[in-house]
Structure formats: C-alpha cells, structure tokens
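Observations on chain architecture
Below are the chains, spelled out letter by letter.
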Number of protein chains: 2
Amino acid sequence: MTPSYLNEFKPPQRILLGPGPSSVHPRVLQAMTQPILGHLDPQFFQVMDEVCEMLRQVYHTSNFMTVPLSSTGTGAMEAACANILERGDTAIVCRNGFFGVRLADIAQRCGAETFVVDSQWGKPVEPAALERELRKHAKVKMVGVVHGETSTGVLTPMPEIVELCHRYGALVVSDAVTTLGGHDVQMDQWDIDVCYSATQKCLGAPPGLAPISLGPRAVEVIKTRESEVQSFYFNLKGLESYWNQTRAYHHTTPISMTYALREALRMMMEEGIDNRIRRHARVAAALRAGIQAMGLQLLADPDYRLNPLTTVVIPQGIEDTAVRKRLMQDYNLEIGGGLGDLRGKVWRIGLMGESAREVNVFTLLSGLEQILPTLGYEVAYGSSLAAAQRALVEFEGRG
Amino acid sequence: MTPSYLNEFKPPQRILLGPGPSSVHPRVLQAMTQPILGHLDPQFFQVMDEVCEMLRQVYHTSNFMTVPLSSTGTGAMEAACANILERGDTAIVCRNGFFGVRLADIAQRCGAETFVVDSQWGKPVEPAALERELRKHAKVKMVGVVHGETSTGVLTPMPEIVELCHRYGALVVSDAVTTLGGHDVQMDQWDIDVCYSATQKCLGAPPGLAPISLGPRAVEVIKTRESEVQSFYFNLKGLESYWNQTRAYHHTTPISMTYALREALRMMMEEGIDNRIRRHARVAAALRAGIQAMGLQLLADPDYRLNPLTTVVIPQGIEDTAVRKRLMQDYNLEIGGGLGDLRGKVWRIGLMGESAREVNVFTLLSGLEQILPTLGYEVAYGSSLAAAQRALVEFEGRG
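Residues numbered from 1 in each chain as written. Chains lettered and ligands numbered in written order. Predicted model: local features only at pLDDT ≥ 70, side-chain atom pairs only at ≥ 80, totals over all residues.

What follows deals with the domain arrangement of chain A. Residue and element names in this part refer to chain A. For chain A, the domain assignment lists domain 1 (26-269) and domain 2 (273-397). Across the boundary between the two partners, domain 1 contributes 25 residues, which contact 22 residues of domain 2. Among the secondary structure elements, those contributing two or more residues to the side of domain 1 that touches domain 2 are α2 (42-59), α4 (98-109) and β7 (154-155). Counted by class, the side of domain 1 that touches domain 2 contains ten nonpolar, twelve polar and three charged residues. (Domains from an automatic or database assignment. Contact = placed C-beta atoms within 7 Å. Helix = DSSP H or I, 4+ residues; strand = E, 2+ residues; numbered from the N terminus. Nonpolar A, V, L, I, M, F, W, Y, C, P; charged D, E, K, R; others polar.)

If you want it as structure tokens, here you go:
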C-alpha cells in the first residue's frame, strides 16, 4: 500500500473560529509562493524594514526594536522574560488564566523569584491586589500581565496597571498575543515596556512569527544587565544587530513567513487599523448577542470582555467534544475547548483577523441552533440569528 | 508619496548558492497556499505523523521523538543543549568553526561548565584531542559536534567520535543542519544521541522549522533530570505530549511551514534519499573541479569536504564583496561570505536541496570566469566549465 505521506495533501477549507490560528486570506497565503531571498539580501532587508514600520503602526509606537521573532507567541513570552530577568530578580505575574500561569512558569525558568497575583478566571487582576504584592518586595524587576487572556476571554485594562508598576519601579511585560490588531494597543501612550504578540490571530497571518516591541526602559535594562541572557536564540541584543543597520547574521530568518506577515500587515494598512479593530468589536457584539439569545452564559465579566475571543459556558448536560466534533464534521467549523481548569467547561470562540466576519457568526449560530437541540438543549430556531442581526444594526447605529 | 510597504512585493528569482536558505521548488511553495488547519485538528495530526515518519527515514532512525521544532536550526541547537544539560554539568564542544563556537556559547548559557577542543578551521577535530579532553573530567554529560561545519565546509566523520564519547559516558549532540538530506546521516547506526537540522538547506523547504531526533539515552536523561529545563518553548518533554498521542497543546505549530516541510520531504521520498545525497555529491564534485581549474584554492581538507557547502579561498587582491555584488547584480546569484575569522577570506558556495543542480554550477563558474578577470585575476575562458563537465562524467563513470 502507498504510504499516505506520498499523496498530495489537500486539507479541507475550515472556518477557523478557535483561539487561533485564524483563517488566512488567500492573498497572504499567495505571498508565501514568492521565491525565497537570502536573509542577507538587500531586497530582503527592505522587506524587514517595511514589516517593522507597519508593526510600529499597529503597536502605536516609535520603538526601534519592534520586530517579528522567529517563533510563535510562546517563544516571544520566553524572549521577554529571558531578556529582562536575571537570576535572583523578583517578578510578579498577574495570573488570571492559563497564559498567566504560563508566564509565571517561564519567569521562574528564567531564574526569577516569581510571585503571582491571582484573580477569579473570568476577571482581570485587581490593581489593588497587585499593589499589595508590589509593596511586599524591596525591588520588583518585572510585572507580567496578559492583556487579552485567550483562556478566559478577559481583557485587562493596561494604563492603570502600567502606571502602578512604574510607580514601584517595575517594568511591565504585556502579552498582546490575542489583542494586537483586534483591540487598541497603545504601546507608547500606555508606556508599556515589553509587548509581544503572534501572527496567527488578529494580524491575519499563519502561525510562526511573534512580533515584539521594546520600550526605552526595557532596552536600557537589557543593555546594562550583568549576566548573559540564558537564551542565545531569543537574545534580543544579538537580534538587534540583525534588524538594525549592522545586518549581522544571527540566525536564518523564516523568509516565507516574513513575506506572509508583510502581506497581512499590508492588508491591515489598506483596511485601516481602527477599522480592523472596529470590525472585531462589531462581530463580537453580534456573537455575544446570539449566544445569549440561546440562553447560554458568557464566562467573562461583561466589563472586561475580549472581542477577538468569547468564552461560552457549556450548559449542564451537554458534552463539550460532542458539540465541537459535530461543528467540525457537519459545518467544517472549528471552535476551541477550555484550557486548564476550564477544560470541558467552556467553549472558546475566536473571531480574529480574517475569521472576524459576520458570515462566520451566522454560520456558527446556525450550527449551534441545529446541534444543541439534538443533544437535549432546546433552542428557539432563528432566535440567535435574529439577536445577532439586531446587535449588528445597533452597533452601526452607535456609529 | 505612497510608502513602499503598500506596494505588492515582487522579489527577483535569485539563484541561491549561499550557505542557506537554498532555492525552494514551486511545489513546496505552493503547498503553503493550502488553507490553514487548527493545530489540534485531526487532519493536521495526520500531517504531523507523516512529517515525522518521513523525517525518521531521512535520519535513518526509529526514534519516536523525531519532530520539527518551531524555530530555525539555531533554536534546535538551543533545544538540544537546554534539555540535556543542567546547571553544573560538564560539556565539551568540538570547535572547528563558527557553529562550534555558537554551540559552546549555548552550552555555557545553559549553565554547563563548557570546555572546547579546537582544531584548525578547515579540518575536523581530531579524536585523539577530544579523548585528551574527555580524560580530564570526572563526568562529561555531553559532547557537541558539528557534523557539517557551514563556516568552513568541513564534514566530521561521526562514528569514531560517537564511539569515543560513549566510552566516556558522554552523550553526543550532533549538528546536522547542513548535512541532513545532503550527506548520509545514520542516527541509529552511528548511535547519535541528539541530532538536529533545519529545513532551508538540503531538505529543500523554506527556513523556519528545525527537525530534531532524540535517541533512547537522551530521552532517559531528559526524563530523569532534576531541574526544570530553562526553556519552556524548547522543553522537549512538553513538546512530546503534543507530538505523541496525547496531543496536548504546547504552542501553536507553524501550520503552513509544516505543509511546506511535508511537501519537501515528499519530494525527497520521490527522488529517493540515496539519490538525493548522490546528487549533492555529484554537483559538489563538478563545482570543486571548476573552482580548482580556475586556480582557486579550497579551504577544507580534501579528506573532509562537505558536499552541500564548498569554501573557496578568496585570491590575493580580490575584494570579497565586489565579486559577490557583481554575481548578484548581473547573474541574480547569491553566494555567501565568510563567518567569524574567515570573513573576507573565503566564499561559501552552497549546493543544497533544490539549488544542488548542475545548471547552477555552470552558471556560477561562468559568472566567476567573467567577473574575476575584470578585477585583475586572469582565467582561461571555459576552462572551469570544461573541468566541471569532466568531473560530472567521471562521477557517473564511478557509478
């Protein structure tokens, strides 16, 4: 028998409404068919400069070091911690979800004495609780905050947190994996020190690169640190010499992925960053209205809901994977399950980047309206679609 | 004025004869236009299994953990060291070029007391010298060896080195970035403990993934280590739970890059691994003959020459970049410059993967024959082409 790997690979066209990767526009995929350039080719240097320039716009920053790392978002989380922290430093992580847990784990692996401030999953960490922890330590080097918690669907308001941390002399590392391009991220105005993201969510490119931006305080801390960064691959001083005019070889950049990111960012420039963010807000409003019209509960505190990612509480008696499998088999549609403590308890519905389209909201709601009753959860047919439609009209009415 | 990033990106079609990335076949580029699947989609799990199965064939191994890491080769170098080494361990690195220097640097950053065995750049490290170093230490945890030194063009014969290291109870970490798919790599027969590579050289895919394979001794060392691996991103125990049947989320895999790697490996299966390796040997023989017919010297010891990468000593009076710029401008052809101590002293000519074609040898030799005389280095026109042609015929004659 011919082994399956010898066959041509023809994946189905899924509607990707999980926590990322999101669907990628054909223009972005097509960009990857451009011929490979060397990573030290002057024509590729121009691509690099263009990507950085567009990333600065999305981050709203003038930080020179605003570059895509050759990893996924988790790699960027590691890069942030490994470059800022030295052995024996003190770090605090606001832990209001799975990615907060991960951030604390990584800070610990970087040799920092790491303390956590917890909050109920579904809410942001309270600034007062963070301040109590900050007060306990003589010198906190870094506070890690997940701007958009993909595990819970919670958005943490950054300005107050940043102001608080700086008052205590701590740098702020912010995880914008799920927010960059889908929510407002004001790197400079909010005065964030390190902010990283990933390409496969609201930026609309395939997974594989992780944009990061470093503010002046972070650059200074990295320049003056005493010990070597424990990671060579993520050593940002080494990487800077490649991304600045020195163009010194550090490692071979993922060329095709960089083409894809350029095209995805170009599409965001064409759409307008504010329009892109508004699109995420609009479809999220429709989704929430539809979900609630079916009588389903949302996990996240209404005051702190993410637009790109909505967490839905799985109703009593309904089996998580039964629904997700049906959505995939019958509708070619992927939504995500819960992570960590929320496994089996929530669905995570992503409307990110190219996936953040009204048609996807209606397709999902229609699917759920058809599947849930067969599993014993009654739904009035069409009610969620009508509610979503009303939400769209209302959103436009709000201007 | 319209900023350049708003324009469509149309790179020239370069002939990539540097140290990698090599040119990528349109079939492989096209594979990246397939729609994105989620990293937990059963259809993607099949792609993962197929990629691993083909990688095992290329490595000649039955090691279960034979997977592509979500990084370039430098990341895999870091993964190897970070997982094997703990703080206070002793490591030895055979340092016969730039990547040996890097490997020692990384071992050090992982907290190991790191010792080096040097050799002249252009030769492999002598086993006797390595044994002298091994004897000095009570317990050496790991010996790092660069199988193919891309900076010098030297191939280190592995079996003797591995046998020696195991005699002293040390694990062998082998850098096959430039050799996998271009030279014979016998993971199991040679009994290598950790071997890593990268996609953008002889495997014929774009840069961005790094295949790694772990033998049973390495797996055992990783399972029983006392401290946490300092890297979360490269923590191979965490990654194993994603690549094995647990399918536990670790980080979002670069989906499109995995498609590309699958297609590149499929093309290697179609060609046959031995034929692929033979093709690299044949075009390398032609290149060397042509280069020497022009009176140019090769850096690497004739007994230890890499096929995928040939280092040419830049003749007295000829300026490195003048020649490389002319090749790029007039022939759209990229070759590499020297790294580290060899900067400005050698050219590095890669014939890897899709770039390892006879036509590229003739194009380069023709270009050099035309450029070098204009810079004062006399060449008898056609002599290098004839020599290359004879070498091809002789190679075939050898069977």
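Here the focus is helix α11 (residues 320-331) of chain B. Residues and elements named next belong to chain B. Helix length check: α11, at twelve residues, gives a terminal C-alpha distance of 16 Å against a target of 16 Å (1.5 Å per residue), a fit within 8%. Against β13 (333-337) and α12 (358-374) lie the buried residues of α11. Looking one or two places after α11, you find N332, whose phi comes out positive at around 55°. (Expected span 1.5 Å × (residues − 1).)

All names here are of chain A. Where helix α12 (residues 358-374) contacts helix α13 (residues 383-397), the axes come no closer than 9 Å and their chain directions differ by 155°. Comparing their axes, α13 and α12 come out roughly antiparallel. Crossing angle aside, the handedness with which α12 passes α13 is right-handed. Note on element contacts: α13 touches α12 through S384, L385, A388 and L392, opposite E358, V361, F362, L365, S366 and E369. (Axes fitted to C-alpha atoms, helices over the stretch in contact; angles between N-to-C directions. Parallel < 35°, antiparallel > 145°, perpendicular 65-115°, else oblique. Left-handed = near helix turned anticlockwise from the far one by under 90°.)

Attention shifts here to the sheet that holds strand β3 (residues 90-95) of chain B. The strands making up a sheet associate through hydrogen bonds between their backbones, and the pairing can be parallel or antiparallel. Residue and element names in this part refer to chain B. Read across the sheet, seven strands follow the order β2-β10-β9-β8-β5-β3-β4 without closing on themselves; strand pairing throughout is mixed. This sheet does not close on itself; its edge strands, each paired only once, are β2 (66-69) and β4 (113-118). The sheet shows a mean angle of 20° between the axes of neighbouring strands, taken without regard to direction. Relative to strand β10 (residues 210-214), strand β9 (residues 194-196) runs antiparallel, the two sharing three bridges. Each bridged residue has a counterpart across the sheet, and for Y196 the counterpart in β10 is I212. The sheet contacts of helix α6 (residues 158-167) involve β5 (142-146) and β8 (171-175), and relative to β8 the element is tilted by about 155°. (Pairing = 2+ DSSP bridges.)

With that settled, consider the interface of chain A and chain B. The partner chain B presents 62 residues to the 62 residues of chain A that form the contact. Only α1 (26-31), α2, α3 (73-84), α4 and α9 (255-271) of chain A provide two or more residues apiece to the side of chain A that touches chain B. Its residues placed into classes, the side of chain A that touches chain B shows 26 nonpolar, 25 polar and eleven charged.

What follows concerns the relation of the copies chain A and chain B. Mapping chain A onto chain B leaves a residual RMSD of 0.0 Å; the transformation is a rotation of 180° accompanied by 0.0 Å of translation along its axis. Taken together, these values place the two copies in the relation of a two-fold axis. Identified as the residue of chain A closest to the rotation axis by C-alpha distance is S71 of chain A, at 2.8 Å. A shared interface surface links the copies, since 100% of the contact residues of chain A are contact residues in chain B too. (Least-squares fit on C-alpha atoms with pLDDT ≥ 70 in both.)

What follows concerns the pairing of strand β4 (residues 113-118) of chain A. Residues and elements named next belong to chain A. Note that strand β3 (residues 90-95) and β4 share six bridges and pair parallel. Paired with C94 across the bridge in β4 is V117. What joins β3 to β4 is α4, and the crossover it makes is right-handed. (Right-handed = clockwise from strand over helix to strand, strands pointing away.)

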